[in-house]
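Report on the structure
Spelled out from the first residue to the last, the chains are:
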Amino acid sequence: MYSKELIDNLEKKAQILRRDVIISVGIGVAGHIGGSNSSADIVTALYFYKMRHDPKNPRKRDRDRFLLSKGHVAILQYAALAEAGYFPVEDLPHTKELGSYLQGHPDVLKTPGIEAGTGSLGQGLSIGLGMALGQRLDGLDRKTYVLVGDGEIAEGQIWEAVMAASAFKADNLVAIVDRNGLQANGKIKERMDSGNIAAKFLSFGWHVIEIDGHNMEEILTALDGADQVKGVPTVIVADTVKGKGLSFAENVVSYHNGKLTDETYRQALAELAV
């Protein structure tokens, strides 16, 4: 369905975003590498294939919108925005510095391309629903995409938004769950297990698509498939690997918000070479 050239280019771009994440974190400073790398393929597909957006006009009225509900992985969104042309890639190493417009969580007032200040977990889907309903009221044939974490969905506000989105038949809202199985303090199943995520969304009346979150063709198929759904919101439940692409970080909970040494920094850049 999709050309090999398209898939290859997107996979390469995802690798570039992961490399940008490492450059943004740097050496000896804690950064959310794990969840950034698990979501990189999904974010790549959104920014460089699916979404209609304009780096030269970030507030263009008829744009698609992306909200990073798990705002602690802002470094991934910054990488995508920089590579898309919203601001210079050369600014990424200054992430989290005093005075930088690239802070640890997204800042809608300072950073081009950010739709909402997020990072207080559980709020992004509610904000996204409001935006999607606003798009509908304005007669815009556009979508709002919201990326949430599988640890984050233990927040009760997520499920209020899920219920409301179904009640309002918000078919221009697409939630994407990054199901990597780990959160800050360990395995989700050993903390507050949300159980069968797909079944829960289905019970609320959502259209559910389950995919391999690192298979680019499956990601594109799911995003395109959501366009065909009418009358109900869509959720894409993506199985991913925390720390994807780094041999020393994959499925290692300490890299939820971990520090790189000189050695692991160099190793990361080597493993993510493009």
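Below or above, wherever it landed, is the structure these notes cover.

Criteria and thresholds
Residues numbered from 1 in each chain as written. Predicted model: local features only at pLDDT ≥ 70, side-chain atom pairs only at ≥ 80, totals over all residues. Heavy atoms only, no water. Helix = DSSP H or I, 4+ residues; strand = E, 2+ residues; numbered from the N terminus. Phe/Tyr/Trp six-rings, centres within 6.5 Å; stacked < 30°, edge-to-face > 60°. Buried < 20%, exposed > 50% of the residue type's maximum accessible area, 1.4 Å probe, protein only. Lys NZ or Arg CZ within 6 Å of the ring centre and 35° of its normal. Expected span 1.5 Å × (residues − 1). Bend = angle between axes of the 7 residues up to and from the residue. Pairing = 2+ DSSP bridges. Right-handed = clockwise from strand over helix to strand, strands pointing away. Salt bridge = Lys/Arg side-chain N within 4 Å of Asp/Glu carboxyl O. Axes fitted to C-alpha atoms, helices over the stretch in contact; angles between N-to-C directions. Contact = heavy atoms within 4.5 Å. Lys, Arg positive; Asp, Glu negative; His and termini not counted. Polar contact = N/O pair within 3.5 Å; in protein donor to acceptor, adjacent residues only side chain to side chain.

Moving on to unusual backbone geometry. Comment: phi is negative for the bulk of residues other than glycine, and the bulk of peptide bonds are trans. Phi is positive for K169, which is not a glycine, with a value near 55°. Looking at where K169 falls in the secondary structure, it is placed in the loop between α5 (156–167) and β3 (173–179). Despite not being glycine, N251 shows a phi value in the positive range, around 60°. Topologically, N251 is positioned in the loop between β7 (234–239) and α8 (262–271).

The tally for this structure, following the rule as stated, stands at 7 aromatic pairs. Here the aromatic rings of W159 and F204 are separated by 5.7 Å at their centres, their planes lie at 25°, and the arrangement is stacked. Residue W159 is found in helix α5, and its partner F204 is found in the loop between α6 (197–203) and β6 (207–212); the two are separated by 45 residues along the sequence. Residue classification places W159 among the buried residues on the basis of a relative accessible area of 17%. One aromatic cluster is present, formed by W159, F201, F204 and W206 through successive ring pairs. Sitting over the ring of F48, K13 keeps its end group 4.9 Å from the ring centre.

Right, let's get into helix α2 (residues 33–50). With 18 residues, α2 should cover 26 Å at 1.5 Å per step; its first-to-last C-alpha distance of 24 Å lies within 8% of that length. Of all the bends in α2, the greatest, near 50°, is centred on A40. Among the 18 residues of α2, 16 are classified as buried, and the element is accordingly described as predominantly covered.

Among the 6 residues in β7, 5 count as buried, and that is most of the element. Pairing of β3 with β7 involves 6 bridges; the strand directions are parallel. If you follow V177 over to β7, its bridge partner there is V237. As paired elements, β6 and β7 share 6 bridges and run parallel to each other. For H207, the partnering residue across the bridge sits in β7 and is T234. Regarding topology, helix α7 (residues 216–226) serves as the crossover connection from β6 to the parallel β7, and that connection is right-handed.

Quick reminder: α-helices carry 3.6 residues per turn. Residues three or four places apart thus point the same way. In terms of burial, helix α3 (residues 74–84) is a largely internal element, 10 of the 11 residues being buried. Along α3, the residues classified as buried are A74, I75, L76, Q77, Y78, A79, A80, L81, A82 and A84. One or two residues past the end of α3 sits G85, with phi positive at roughly 105°.

Oppositely charged side chains are able to pair whenever their charged atoms sit close together. Taken as a whole, this structure holds 14 salt bridges when the rule is applied. Across the pair R142 and D62 runs a salt bridge, and its minimum N-O distance is 3.5 Å. Taken together, the residues R142 in the loop between α4 (124–137) and β2 (144–149) and D62 in the loop between α2 and β1 (65–68) connect sequence positions 80 residues apart. Across the salt bridge formed by E190 and R191, the nearest N and O atoms sit 3.8 Å from each other. Residue classification places E190 among the exposed residues on the basis of a relative accessible area of 55%.

On to the sheet that holds β1. What the 5 strands build is an open sheet, ordered β1-β2-β3-β7-β6; its pairing is parallel. Single-partner strands in this sheet number two, and they are β1 and β6. Averaged over all neighbouring strand pairs, the angle between strand axes comes to 20°, with direction disregarded. Each of β1, β2 and β3 is contacted by α4, which is oriented at about 170° to β2, the strand it contacts most. Running at roughly 165° to β6, α7 makes contact with β2, β3, β6 and β7 of the sheet.

Moving on: the side chain of E152. Within the secondary structure, E152 sits in the loop between β2 and α5. Buried charge without a partner: E152 forms no salt bridge, and the closest opposite charge is K70, 7.5 Å away. A distance of 2.8 Å separates a polar atom in the side chain of E152 from the backbone nitrogen of G122. A distance of 3.1 Å separates a polar side-chain atom of E152 from the backbone nitrogen of G149. Contact partners of E152, with chain neighbours within four places excluded, come to S69, K70, L121, G122, Q123 and I158.

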